[in-house]
Amino acid sequence: MAALLKTFGKGCLYILVLPVLLVILAVYAVLGVVMFIYILIRGAILYFTGRNFGELAEDIKARAILEGRMDEKPLVEEKVDAPTEPQVNNNDYASHFYVPVDQFLGTPKSEDLIKEAEDNNPNNDNNEGGNV
């Protein structure tokens, strides 16, 4: 019986509180839309008349800092001799660990292959025992 009364009490509370929360939410939404339209119209009028919304404290401080920097003497830059050619960085995996294929596989070099092909050419006049 106590559980039934507890559930009934929560239901009554929800029935009484929910309309109040909905009214607060509706007023908040209406005020939001009204402020949106007001700021939109005011901004358009100020824009076309050449004015702005006004300056905030941060804007005033920023303007003072910028004006102070404009009054200072400009810094003189030191001339540094820059390299005329761009530096090339070839530190990659392929060039760092490159081993020629002839040394790696133990294959004969291309000059040796050309010489062997010339020696075995049957049309070569200097052929003295090539395969025919």
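First, a word on scope: everything that follows refers to the structure included in this document. As the structure is a computational prediction, the values presented were derived from the model and not from experiment.

Quick notes on the overall build of the protein chain
Argument step 1. A tally of helices and strands in the protein chain yields five helices and zero strands.
Argument step 2. Along the protein chain, from the amino end to the carboxyl end, the secondary structure elements read α-α-α-α-α.
Argument step 3. Here the protein chain, with 132 residues, has 2% of them falling under the buried criterion.
Argument step 4. Entry remark: accessible area of the protein chain is about 13,500 Å², with carbon and sulfur atoms responsible for 64%.

Some thoughts on a nonpolar patch on the surface
Argument step 1. A contiguous nonpolar surface patch, about 580 Å² in accessible area, is contributed by Leu-13, Leu-16, Val-17, Val-20, Leu-21 and Ile-24.
Argument step 2. According to the relative accessible area criterion, Val-17 is partly exposed, its value standing at 37%.

Re the packing of aromatic side chains
Argument step 1. Enumeration according to the criterion identifies one aromatic pair in this entry.
Argument step 2. Ring centres of Tyr-47 and Phe-48 lie 5.1 Å apart, and the angle between their planes is 75°; on these two criteria the pair is classed as edge-to-face.
Argument step 3. Since its relative accessible area comes to 68%, Phe-48 is described here as exposed.

Conventions adopted
- Residues numbered from 1 in each chain as written.
- Predicted model: local features only at pLDDT ≥ 70, side-chain atom pairs only at ≥ 80, totals over all residues.
- Heavy atoms only, no water.
- Helix = DSSP H or I, 4+ residues; strand = E, 2+ residues; numbered from the N terminus.
- Buried < 20%, exposed > 50% of the residue type's maximum accessible area, 1.4 Å probe, protein only.
- Areas by Shrake-Rupley, 256 points an atom, 1.4 Å probe, with all protein chains shown as cover.
- Patch = residues over 30% accessible without salt bridge, like charges linked within 9 Å, V, L, I, M, F, W, Y side chains within 5 Å.
- Salt bridge = Lys/Arg side-chain N within 4 Å of Asp/Glu carboxyl O.
- Phe/Tyr/Trp six-rings, centres within 6.5 Å; stacked < 30°, edge-to-face > 60°.

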